[in-house]
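# Observations on chain architecture
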Amino acid sequence: DTAVSQTPKYLVTQMGNDKSIKCEQNLGHDTMYWYKQDSKKFLKIMFSYNNKELIINETVPNRFSPKSPDKAHLNLHINSLELGDSAVYFCASRHGRAVQETQYFGPGTRLLVL
Amino acid sequence: GESVGLHLPTLSVQEGDNSIINCAYSNSASDYFIWYKQESGKGPQFIIDIRSNMDKRQGQRVTVLLNKTVKHLSLQIAATQPGDSAVYFCAEIRGGSGTYKYIFGTGTRLKVLA
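To keep things clear, this report deals only with the structure shown in the data block.

### Remarks on the pattern of salt bridges
- Summed over the entire model, instances satisfying the criterion amount to 8 salt bridges over all chains.
- Note that Glu39 of chain B is salt-bridged to Lys42 of chain B, the shortest N-O span being 3.8 Å.
- Connected through salt bridges with shared partners, the residues Lys44 and Glu58 of chain A together with Lys101 of chain B form a single ionic network.

The structure is reproduced here in C-alpha coordinates:
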(Lines give C-alpha, C1' and ligand atoms only; values in the text may rest on other atoms or scores of the structure.)
Protein backbone atom coordinates (compact mmCIF):
# COMPACT_ATOMS: atom_id res chain seq x y z
CA ASP A 1 0.00 0.00 0.00
CA THR A 2 3.05 2.27 -0.27
CA ALA A 3 2.00 5.55 -1.84
CA VAL A 4 5.39 6.70 -3.16
CA SER A 5 8.09 4.08 -3.41
CA GLN A 6 11.74 4.33 -4.43
CA THR A 7 14.33 1.75 -5.36
CA PRO A 8 16.93 1.11 -4.28
CA LYS A 9 16.85 2.30 -0.68
CA TYR A 10 20.64 2.26 -0.46
CA LEU A 11 23.16 2.64 -3.25
CA VAL A 12 26.92 2.47 -2.77
CA THR A 13 29.02 2.90 -5.88
CA GLN A 14 32.39 4.02 -7.18
CA MET A 15 33.18 7.42 -8.63
CA GLY A 16 32.69 7.50 -12.38
CA ASN A 17 29.94 4.90 -12.47
CA ASP A 18 26.47 5.43 -13.93
CA LYS A 19 23.44 4.59 -11.79
CA SER A 20 19.66 4.92 -11.82
CA ILE A 21 17.08 5.48 -9.09
CA LYS A 22 13.45 4.58 -9.69
CA CYS A 23 10.31 6.13 -8.27
CA GLU A 24 6.70 4.99 -8.52
CA GLN A 25 3.51 6.44 -7.08
CA ASN A 26 0.13 4.74 -6.90
CA LEU A 27 -1.83 7.84 -5.90
CA GLY A 28 -2.94 8.82 -9.37
CA HIS A 29 -0.99 12.07 -9.15
CA ASP A 30 0.07 13.94 -12.26
CA THR A 31 3.07 15.79 -10.85
CA MET A 32 6.28 14.21 -9.59
CA TYR A 33 9.50 15.65 -8.18
CA TRP A 34 13.09 14.77 -7.41
CA TYR A 35 14.81 16.40 -4.45
CA LYS A 36 18.35 16.15 -3.14
CA GLN A 37 19.00 16.30 0.61
CA ASP A 38 22.60 16.92 1.61
CA SER A 39 24.41 15.99 4.81
CA LYS A 40 23.21 19.21 6.48
CA LYS A 41 19.61 18.14 5.76
CA PHE A 42 19.12 20.91 3.22
CA LEU A 43 16.38 19.83 0.83
CA LYS A 44 16.56 21.20 -2.69
CA ILE A 45 14.32 20.60 -5.67
CA MET A 46 16.02 19.19 -8.75
CA PHE A 47 13.26 18.39 -11.24
CA SER A 48 9.51 18.31 -11.60
CA TYR A 49 7.37 16.54 -14.18
CA ASN A 50 3.71 17.20 -14.86
CA ASN A 51 1.92 14.65 -17.04
CA LYS A 52 5.29 13.28 -18.21
CA GLU A 53 6.46 16.73 -19.25
CA LEU A 54 9.50 18.36 -17.65
CA ILE A 55 8.30 21.49 -15.87
CA ILE A 56 11.04 22.40 -13.43
CA ASN A 57 14.73 21.91 -14.09
CA GLU A 58 16.87 23.58 -11.49
CA THR A 59 20.58 24.25 -11.90
CA VAL A 60 21.55 20.61 -11.89
CA PRO A 61 24.58 19.18 -13.73
CA ASN A 62 23.56 17.57 -16.99
CA ARG A 63 24.97 14.30 -15.66
CA PHE A 64 21.53 14.03 -14.02
CA SER A 65 18.79 13.02 -16.43
CA PRO A 66 15.22 12.40 -15.28
CA LYS A 67 12.85 10.24 -17.30
CA SER A 68 9.13 9.84 -16.90
CA PRO A 69 7.83 6.86 -18.91
CA ASP A 70 4.31 7.46 -17.59
CA LYS A 71 2.54 9.59 -14.99
CA ALA A 72 3.15 7.04 -12.23
CA HIS A 73 6.92 6.78 -12.70
CA LEU A 74 9.83 9.19 -12.53
CA ASN A 75 13.33 7.81 -12.74
CA LEU A 76 16.65 9.55 -12.23
CA HIS A 77 19.75 8.50 -14.10
CA ILE A 78 23.13 9.83 -13.00
CA ASN A 79 26.21 9.58 -15.23
CA SER A 80 29.82 9.76 -14.13
CA LEU A 81 29.06 9.86 -10.43
CA GLU A 82 31.13 12.23 -8.30
CA LEU A 83 31.82 12.30 -4.57
CA GLY A 84 29.59 15.36 -4.21
CA ASP A 85 26.62 13.41 -5.49
CA SER A 86 26.50 11.54 -2.18
CA ALA A 87 23.20 12.50 -0.62
CA VAL A 88 19.68 11.27 0.00
CA TYR A 89 17.44 11.59 -3.03
CA PHE A 90 13.72 11.92 -2.45
CA CYS A 91 10.94 11.46 -4.93
CA ALA A 92 7.60 13.16 -4.27
CA SER A 93 4.26 13.46 -5.98
CA ARG A 94 1.05 15.50 -5.80
CA HIS A 95 -1.92 16.51 -7.88
CA GLY A 96 -0.85 19.47 -9.96
CA ARG A 97 -4.00 21.49 -10.05
CA ALA A 98 -4.57 23.26 -6.76
CA VAL A 99 -1.95 24.83 -4.53
CA GLN A 100 -3.33 23.17 -1.41
CA GLU A 101 -2.88 19.62 -2.72
CA THR A 102 -0.60 17.64 -0.43
CA GLN A 103 2.81 16.55 -1.65
CA TYR A 104 3.78 13.04 -0.61
CA PHE A 105 7.40 11.98 -0.29
CA GLY A 106 8.99 8.61 -0.84
CA PRO A 107 11.30 7.03 1.74
CA GLY A 108 14.47 8.25 0.02
CA THR A 109 17.46 6.64 -1.69
CA ARG A 110 20.71 6.98 0.18
CA LEU A 111 23.51 7.32 -2.37
CA LEU A 112 27.12 7.00 -1.30
CA VAL A 113 29.82 7.59 -3.89
CA LEU A 114 33.26 6.27 -2.95
CA GLY B 1 18.68 27.78 20.11
CA GLU B 2 19.45 28.89 16.54
CA SER B 3 22.58 29.08 14.45
CA VAL B 4 23.58 29.49 10.87
CA GLY B 5 26.32 27.85 8.89
CA LEU B 6 27.50 24.32 9.38
CA HIS B 7 25.06 22.94 11.90
CA LEU B 8 21.37 22.22 11.72
CA PRO B 9 19.66 24.48 14.27
CA THR B 10 18.50 22.44 17.24
CA LEU B 11 15.73 23.10 19.70
CA SER B 12 15.67 21.03 22.88
CA VAL B 13 12.49 20.98 24.96
CA GLN B 14 11.24 19.06 27.93
CA GLU B 15 8.49 16.56 27.36
CA GLY B 16 5.17 18.25 28.02
CA ASP B 17 6.42 21.76 27.27
CA ASN B 18 5.37 23.74 24.22
CA SER B 19 7.75 24.05 21.27
CA ILE B 20 8.10 26.95 18.88
CA ILE B 21 10.02 26.47 15.65
CA ASN B 22 10.72 29.48 13.49
CA CYS B 23 11.31 29.94 9.80
CA ALA B 24 12.05 32.91 7.57
CA TYR B 25 10.94 32.81 3.95
CA SER B 26 12.29 34.81 1.07
CA ASN B 27 9.57 35.66 -1.41
CA SER B 28 6.83 38.09 -0.42
CA ALA B 29 4.82 36.86 -3.43
CA SER B 30 4.54 33.30 -2.07
CA ASP B 31 0.94 32.60 -1.20
CA TYR B 32 1.05 29.22 0.41
CA PHE B 33 3.22 27.72 3.13
CA ILE B 34 3.64 24.26 4.62
CA TRP B 35 5.34 22.72 7.61
CA TYR B 36 6.87 19.26 7.23
CA LYS B 37 8.18 16.79 9.77
CA GLN B 38 11.03 14.47 8.85
CA GLU B 39 11.78 11.57 11.15
CA SER B 40 15.12 9.81 11.01
CA GLY B 41 15.46 7.65 7.91
CA LYS B 42 12.16 8.78 6.40
CA GLY B 43 10.86 11.30 3.89
CA PRO B 44 9.28 14.60 4.94
CA GLN B 45 5.66 14.36 6.00
CA PHE B 46 3.01 17.09 5.79
CA ILE B 47 1.95 18.59 9.13
CA ILE B 48 -0.02 21.75 8.47
CA ASP B 49 -0.40 24.44 5.86
CA ILE B 50 -1.48 28.08 5.70
CA ARG B 51 -2.45 30.48 2.96
CA SER B 52 -1.04 33.97 2.81
CA ASN B 53 -4.47 35.50 3.47
CA MET B 54 -4.43 33.96 6.95
CA ASP B 55 -2.21 34.71 9.93
CA LYS B 56 -3.00 31.66 12.03
CA ARG B 57 -4.17 28.10 11.51
CA GLN B 58 -4.64 25.40 14.08
CA GLY B 59 -4.45 21.64 13.82
CA GLN B 60 -4.27 18.91 16.38
CA ARG B 61 -1.63 20.11 18.89
CA VAL B 62 -0.02 22.26 16.19
CA THR B 63 -0.51 25.90 15.26
CA VAL B 64 1.10 27.77 12.40
CA LEU B 65 1.51 31.54 12.57
CA LEU B 66 2.30 33.66 9.56
CA ASN B 67 3.70 37.19 9.72
CA LYS B 68 3.85 38.51 6.19
CA THR B 69 5.28 41.86 7.25
CA VAL B 70 8.56 40.27 8.29
CA LYS B 71 8.20 37.13 6.14
CA HIS B 72 8.20 34.83 9.12
CA LEU B 73 6.48 31.53 9.87
CA SER B 74 6.35 29.68 13.13
CA LEU B 75 5.16 26.24 14.15
CA GLN B 76 3.92 25.78 17.68
CA ILE B 77 3.61 22.29 19.10
CA ALA B 78 1.62 21.97 22.30
CA ALA B 79 2.56 19.46 25.00
CA THR B 80 5.57 18.16 23.09
CA GLN B 81 5.93 14.40 23.10
CA PRO B 82 8.92 12.11 22.43
CA GLY B 83 7.34 11.18 19.09
CA ASP B 84 7.67 14.82 18.03
CA SER B 85 11.46 14.47 17.88
CA ALA B 86 12.35 15.08 14.24
CA VAL B 87 13.63 17.70 11.82
CA TYR B 88 11.01 20.29 10.89
CA PHE B 89 10.99 22.20 7.63
CA CYS B 90 8.95 25.08 6.40
CA ALA B 91 8.31 25.37 2.67
CA GLU B 92 6.94 28.15 0.51
CA ILE B 93 5.12 27.29 -2.66
CA ARG B 94 5.55 29.21 -5.88
CA GLY B 95 4.20 28.78 -9.37
CA GLY B 96 0.82 27.89 -10.82
CA SER B 97 -1.29 24.87 -11.65
CA GLY B 98 0.94 22.01 -12.70
CA THR B 99 4.13 23.95 -12.02
CA TYR B 100 4.19 24.28 -8.24
CA LYS B 101 7.71 24.56 -6.86
CA TYR B 102 8.53 23.99 -3.20
CA ILE B 103 11.29 26.06 -1.63
CA PHE B 104 12.37 24.52 1.66
CA GLY B 105 13.89 26.29 4.63
CA THR B 106 17.03 25.00 6.30
CA GLY B 107 15.25 22.88 8.89
CA THR B 108 15.29 22.74 12.67
CA ARG B 109 15.96 19.63 14.70
CA LEU B 110 13.59 19.21 17.63
CA LYS B 111 14.86 17.10 20.52
CA VAL B 112 12.39 16.15 23.21
CA LEU B 113 13.96 15.50 26.58
CA ALA B 114 12.33 13.01 28.91
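Once you've had a look at it, read on.
### Things to note about the layout of surface pockets
- In this structure, the second largest pocket encloses a volume near 190 Å³.
- As for the second largest pocket, its lining consists of 14 residues, and the residues nearest its centre are Phe105 of chain A together with Gly43, Pro44, Gln45 and Phe46 of chain B.
- Elements with a contribution of two residues or more to the lining of the second largest pocket: β10 (104-105) of chain A together with β3 (32-38) and β4 (45-51) of chain B.
- Of the residues contributing to the lining of the second largest pocket, the split by class is 6 nonpolar, 5 polar and 3 charged.

### Re the pairing of strand β8 (residues 73-78) of chain A
All names here are of chain A.
- Here strand β3 (residues 19-25) pairs with β8 via 4 bridges, running antiparallel. Looking at the pairing, Lys19 lines up with Ile78 of β8.
- Alignment of strand β7 (residues 64-70) against β8, held across 5 bridges, turns out to be antiparallel. Looking at β8, one finds that Lys67 is bridged to Asn75.
- Counted along the chain from β7 to the antiparallel partner β8, the turn is 2 residues long.

### Overview of the interface of chain A and chain B
- The interface is formed by 27 residues belonging to chain A together with 26 residues belonging to chain B.
- When the two sides are added together, the surface that chain A and chain B hide from each other amounts to roughly 2100 Å², 57% of it contributed by carbon and sulfur.
- For the pair chain A and chain B, the interface holds 1 salt bridge.
- The closest approach of N and O atoms between Lys101 of chain B and Glu58 of chain A, which form a salt bridge, is 2.8 Å.
- Seen at the junction of chain A and chain B, the total is 8 residue pairs in polar contact (both at pLDDT 80 or more).
- Where the side of chain A that touches chain B is concerned, the elements lending two or more residues are β4 (31-37), β5 (43-50), β6 (53-57) and β9 (87-94) of chain A.
- Among the elements that line the side of chain A that touches chain B, the one with the most residues is β4 of chain A, at 4 residues.
- Class assignment of the residues belonging to the side of chain A that touches chain B gives a composition of 12 nonpolar, 8 polar and 7 charged.

Analysis parameters
Residues numbered from 1 in each chain as written. Chains lettered and ligands numbered in written order. Predicted model: local features only at pLDDT ≥ 70, side-chain atom pairs only at ≥ 80, totals over all residues. Heavy atoms only, no water. Salt bridge = Lys/Arg side-chain N within 4 Å of Asp/Glu carboxyl O. 1 Å grid on protein atoms, 1.4 Å probe; cavity = no way out; pocket = protein on both sides within 12 Å on 5 of 7 lines; lining within 4 Å. Points joined across faces, edges and corners; volume = space filled by probe spheres on them. Helix = DSSP H or I, 4+ residues; strand = E, 2+ residues; numbered from the N terminus. Nonpolar A, V, L, I, M, F, W, Y, C, P; charged D, E, K, R; others polar. Pairing = 2+ DSSP bridges. Contact = heavy atoms within 4.5 Å. Buried area = accessible area lost by both parts, 1.4 Å probe. Polar contact = N/O pair within 3.5 Å; in protein donor to acceptor, adjacent residues only side chain to side chain.

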